[in-house]
Amino acid sequence: MGRCGDYQILLKRALTGIAAAAVVLGSVSPMAFAATTTSGLTKAGQLPIVVNGSVLSNPYEMTGKDSGNTTGFFPVYYFEQALAKIGYTATWDGTTHTFAITANGVTPAAVAGGVGTGNTTVTVNGTVVKKFNTQVAKDPAGGAKAQATTYMPVYYINNVLTALGVNGSFSGQTGLKIVGSTNGTGSIGPITIGGANSGTGAAASPAVSYGSDLTVSANLTDANGNPVAGVNTTLSVWGSQEPTVTVNGINANPTAITGGYSFQVATNAAGEAVATISVPSGVAASYTFQFAAPYTVNGTQVTDSKVYAEFVTANTAAISPYAADSSDAYQVPVSSLSNETTGLVPVTVTLPLLNGEPQANVNVNFSISSVHGDAFLANSAGTELTSPQTVATNSQGQATIWVNSNEADTATITATPSGQTGLTTYVGWGDSGVATQLNSTLGASGVTGGSGTVGSPYTASASSNVTVTATAEDVLGNPVPNATLLITSVGGKGKYVSGSTATDFPNATPASGSEVSSTGSPFGQIVTTNANGQFSFTANDSTIGDDDQYNVYVIQNSEVGNSGDSIGSIYVNYTGSTTSVANVGVAANGQLVTAYVNNSNAPTTSLSNVEYPSTVENSSDYVTNGLNNIEVGAFDGSAQDYLADNTSGTVTYQLSSGGSSFIDAVDGVYLDGENPGLPNKVTAVNATVTGYTPAGAQADTDYFQVSVNGTTIGYYSVNTSTGATSTTLSTTSGTGGASELPAGVTAEPTFTKGTFALPSDEGNVLTTGHRLVSGLNFSVGDESTETPTVTAAIGSVSATAKPQFIPGGAAKLAASPSLASPVNGTGENVTLTVEDANGNPVVDAPVSVVTGQAGATANTNLWITAVNGTSLSQTFGTNNTTEPTPIPLYAVTTPEATAYNSVVLPGVVSWGSTSGLTVYTDANGKVQLTLQNGGVNYYGTDGGSPATLSLQTSPSTSSYQATAVVSYPSSGTTTIDINGSAPTADAGDTVSTINWQ
């Protein structure tokens, strides 16, 4: 882009939030200002400085870098001249590098973007408004004898000029224009409406068009009454639909504002701003117009009085003033007993022509309803009338009723002409001096575009701080100083920032009378307007694609006022780049899209709380069955799939695994050393997905190649319309029989181990019009039980997974001691350790103990008295006495039968005389059985009726020999067989033998 274009971009940046600082100097020659940083400036050309329409000077512009951007620089001497021309003075302190502006009667407004930093300080009436860097160079206007002088960046001038009550703009074509006054502030208006068939434009007599265009115009003057030419004014239009606004034969671009639109209208040579208003043929519409000058007084823009107009079609009437709903109600102050007409508003209905003539003497029925019941119909003196009222149209075909209220209220007014469809509008009343609305002019720093309205939201990079500056006004448009305001975010999106602290916005909506703390809890943040009604707040949102709506509420006596309605909203859209990868998404196998949707349409960048079985050496089940697969995808700055937006792009996932884990497969193809060109169980590998366009590319289809460390493992396609995927591409399946494989590739790769396969949600919808196409699965193995960190990185962005590897199925058993010699009447501990195939302990594993196999003899007098160190006992009787309840491994008859037929300790042991015995491994995968062969105390019964229960002791045994057969059937069930005969294994068992003697 050329030099001038660069400056236009920089000017736009200045106008949307880069703080401006006008720089002014004493009345001395340019050479007096050479006391700042020397840097490279290049002569560009001469551009004029125009003050109030007159060329003041034509200095040489220099170009150079400021904050990394190329922009224009002018000598500060010429800025001093321009400010002196509009009545302001300044001094330059070469020691402190301070430009001090003196502007009598001006209270400097806050500068959007804050004070900033730099080698030069600008003050207005002693208040620091901006800091920036100046540079030194020779002024080409001085010729060969030119001396060094100080230059400043042009784009810093605008905001401070606005704070001074003047307007400045700069472009690389027209130079610098300054509009201001020497003795106070200029004016605009009154507004004039041309082309009307009837009416004056007053509220009680709106200008009426029966199909022709209307013109609105206003004169812009400086403080001395001189016309100001070639300067933009702002035309605000509130109404039932967007009109077409034409300026000098060119359609003006609309900017959405609350309840309407604004347009830029430049003044002509006579200082007149003229715009033509039109609506489509046959459309009825009502409008309110107001021009705003490029002047401010104490931070408030200078405007003219509003005027009213109606376009009336052949079959449809119109109503004025018009508001589409209660949130955009036409606002006025309340009336009072001392002045009953302060809030008096005429509501006028205009009927369409009948046979080319206005419809006179047609009855129109008016009715009113309001939120609080305070608003009422009235006559022109403000006196209350009952509702409804019937009013006949006058000779112009218009009927007017007045509405009024002595209290803050919002009313719905319905007007129904005889035999026609009813019309509705809304009027709101508020207290003077109480904030009820925001000035339509907003400011913001940290944004990249937009105007902060619903139709033109600010745009900002996700995670960046956005500082919004606005003015709170009462119903008359007067700034409200020292107002307490509450800032909320619809849906609790984003954070509000105070200093270095960022706090989540609560997901809460206040209502009328809601109590609010001094900090804004439980709804948001409290801010206070300054003496000029201005306030600011800072917010950010890290979620790419979030459209945040910040609502502003007035707080009175620690409660939400204004009937609970917000006084205005600011809209910010947080965006990201689509040309680079901003995030790596991660999820369990086939869950990436689901995780994305559940995360408010944003990729999840971490995965935890997933359990994988530890990997069995040389086993492929965990790959084949997708047990240990982790899915990743590449997302751009708009939170969409990067490769979907860049179909010829490439992403390389740098996969790595920690601990003793390893990467064993990518998209179903094994990395086990058996597939040529692929590594073997590595801890780091590069998996690359590359988009390509084959000769046989089919419509609505994207094509991709997947490789691992440079070796291609597969090709696939995704239909962008249906989401259908295919991993079977060939040289003849494409359009016209051409190949869907890359040029020069004659066949898809094949491998000894594994089959190329995509994640199950590849091609699924992320958001409307966007699908997942970069998804990739990779398998992680680990022969240990641990929770390693697994990372998938693309450049500087990454996602992590922390899978928990748990023991596999029971596969091994170790017994200690394997040969026990218990003493008669004492216990002997035998510990069984249950492990998986990798030697990892199996925790909480149920182990069935069978007391005899088919044909085995009874195990006389053998008991289990404790499991895992817990003695076996239960409570009995009404007194809940605790008695020993060891588990017999034989049928007990002597001296008495047991008084119990089950023993249950949750997580330890479960036994029933008919259901068998199950014990459970502890946290270390161990089962400790305490066995005793005689002399065991137990609770018995004589079997009588009623039975007598008592503590019994089993007979002593001088010696005992038994064999436990511990086996793991192929079904995975673990059994321990204990019998008094030779050990016998069940079919399919792996047997380990333990002897007691």
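Below: a short report on this structure. Predicted model, so just to flag it, every value in this text is computed and none were measured.

Overview of the overall build of the protein chain
The secondary structure content of the protein chain amounts to six helices and 84 strands. Sequence separation of at least 24 residues holds for 65% of the intrachain contacts in the protein chain that already meet a minimum separation of 6. Surface summary for the protein chain: the accessible area is close to 40500 Å², and the carbon and sulfur share equals 46%.

Brief notes about the nonpolar core
With 43 residues, the main nonpolar core has Tyr653, Leu655, Leu776 and Phe778 as its most contacted residues. Judged by nonpolar contacts, the second largest core, of 32 residues, contains Leu220, Ile277, Ala285 and Tyr287.

Focus: the pairing of strand β39 (residues 458-461)
By the alternation rule, side chains of β39 split into Tyr458 and Ala460, which are all buried, and Thr459 and Ser461, of which none is buried. The pairing of β39 with strand β48 (residues 568-575) spans four bridges and is parallel. When the sheet's bridge partners are listed, threonine 459 is paired in β48 with asparagine 573.

A few points about the environment of alanine 202
In this structure, alanine 202 sits in the loop between β15 (192-194) and β16 (207-209). Taking relative accessible area as the criterion, alanine 202 reaches 37% and is therefore assigned partly exposed. Residues alanine 202 and proline 321 lie 119 residues apart in sequence; the distance between their C-alpha atoms is 10.0 Å.

Here's the deal with the sheet that holds strand β7 (residues 98-102)
With respect to topology, four strands assemble into an open sheet ordered β6-β7-β8-β9, the strand pairing being mixed. Every other strand in the sheet has two partners, leaving β6 (89-93) and β9 (127-132) as the edge strands with one partner each. When the angles between neighbouring strand axes are averaged without regard to direction, this sheet yields 20°. With five bridges joining them, β6 and β7 adopt antiparallel strand pairing. Among the inter-strand pairings, tryptophan 92 is bridged to a residue of β7, identified as phenylalanine 99.

Focus on unusual backbone geometry
Residue proline 190 follows glycine 189 across a cis peptide bond; omega there is 5°. For proline 190, the location among the structural elements is in the loop between β14 (187-188) and β15. The omega torsion across serine 521 and proline 522 is 5°, close enough to zero to call that bond cis. With respect to the element layout, proline 522 can be found in the loop between β43 (501-504) and β44 (525-528). Positive phi, close to 55°, is recorded for histidine 97, a residue that is not glycine. Since its relative accessible area comes to 16%, histidine 97 is described here as buried. Positioned with a positive phi, asparagine 709 is a non-glycine residue whose angle comes to about 50°.

Description of the side chain of aspartate 541
With respect to the helices, strands and loops of the structure, aspartate 541 is situated in the loop between β45 (534-540) and β46 (547-556). Comment: no salt bridge for buried aspartate 541; closest opposite-charge side chain is lysine 493, at 6.6 Å. There is a polar contact of 2.8 Å between the side chain of aspartate 541 and the backbone nitrogen of threonine 543. Residues in contact with aspartate 541, not counting those within four places in the same chain, are Ala462, Ser463, Lys493, Gly494, Asp546, Asp548 and Tyr574.

Describing the packing of aromatic side chains
This structure, assessed with the given rule, holds 13 aromatic pairs. Between phenylalanine 876 and tyrosine 939 the ring centres are 4.6 Å apart and the planes differ by 50°, which places this aromatic pair in the tilted class. Of the two residues, phenylalanine 876 is situated in strand β72 (residues 873-876) and tyrosine 939 in strand β80 (residues 937-941); the sequence distance between them amounts to 63 residues. For phenylalanine 876, a relative accessible area of 13% gives the class buried. Each residue in the set Tyr496, Phe505, Phe537 and Tyr550 is aromatic and connected to the rest through ring pairs, giving one cluster. Across the ring face of tryptophan 238, the terminal group of lysine 306 is positioned such that the distance to the ring centre comes to 4.9 Å. Positioned over the ring face of tyrosine 670 is lysine 753, at 5.0 Å from the centre of the ring.

Remarks on helix α2 (residues 76-85)
Counting buried positions over the 10 residues of α2 gives seven, a clear majority of the element. Those residues of α2 that sit buried are Val76, Tyr77, Tyr78, Phe79, Glu80, Ala82 and Leu83. Backbone geometry just downstream of α2 places glycine 87 in the positive-phi region, at approximately 100°.

Quick word on the pairing of strand β58 (residues 711-719)
Of all nine residues making up β58, eight are buried, and the element is well covered by its neighbours. Looking at chain direction, strand β57 (residues 701-708) and β58 are connected through eight bridges and run antiparallel. Note on β58: the bridge partner recorded for phenylalanine 704 is tyrosine 716. Hairpin connection of β57 to β58: two residues between the antiparallel strands, including asparagine 709 at a positive phi of 50°. Bridge count for β58 against strand β59 (residues 725-726) is two bridges, and the pairing is antiparallel.

Procedures and definitions
Residues numbered from 1 in each chain as written. Predicted model: local features only at pLDDT ≥ 70, side-chain atom pairs only at ≥ 80, totals over all residues. Heavy atoms only, no water. Helix = DSSP H or I, 4+ residues; strand = E, 2+ residues; numbered from the N terminus. Contact = heavy atoms within 4.5 Å. Areas by Shrake-Rupley, 256 points an atom, 1.4 Å probe, with all protein chains shown as cover. Core = buried A, V, L, I, M, F, W, Y, C linked by side-chain atoms within 4.5 Å. Buried < 20%, exposed > 50% of the residue type's maximum accessible area, 1.4 Å probe, protein only. Pairing = 2+ DSSP bridges. Axes fitted to C-alpha atoms, helices over the stretch in contact; angles between N-to-C directions. Lys, Arg positive; Asp, Glu negative; His and termini not counted. Salt bridge = Lys/Arg side-chain N within 4 Å of Asp/Glu carboxyl O. Polar contact = N/O pair within 3.5 Å; in protein donor to acceptor, adjacent residues only side chain to side chain. Phe/Tyr/Trp six-rings, centres within 6.5 Å; stacked < 30°, edge-to-face > 60°. Lys NZ or Arg CZ within 6 Å of the ring centre and 35° of its normal.

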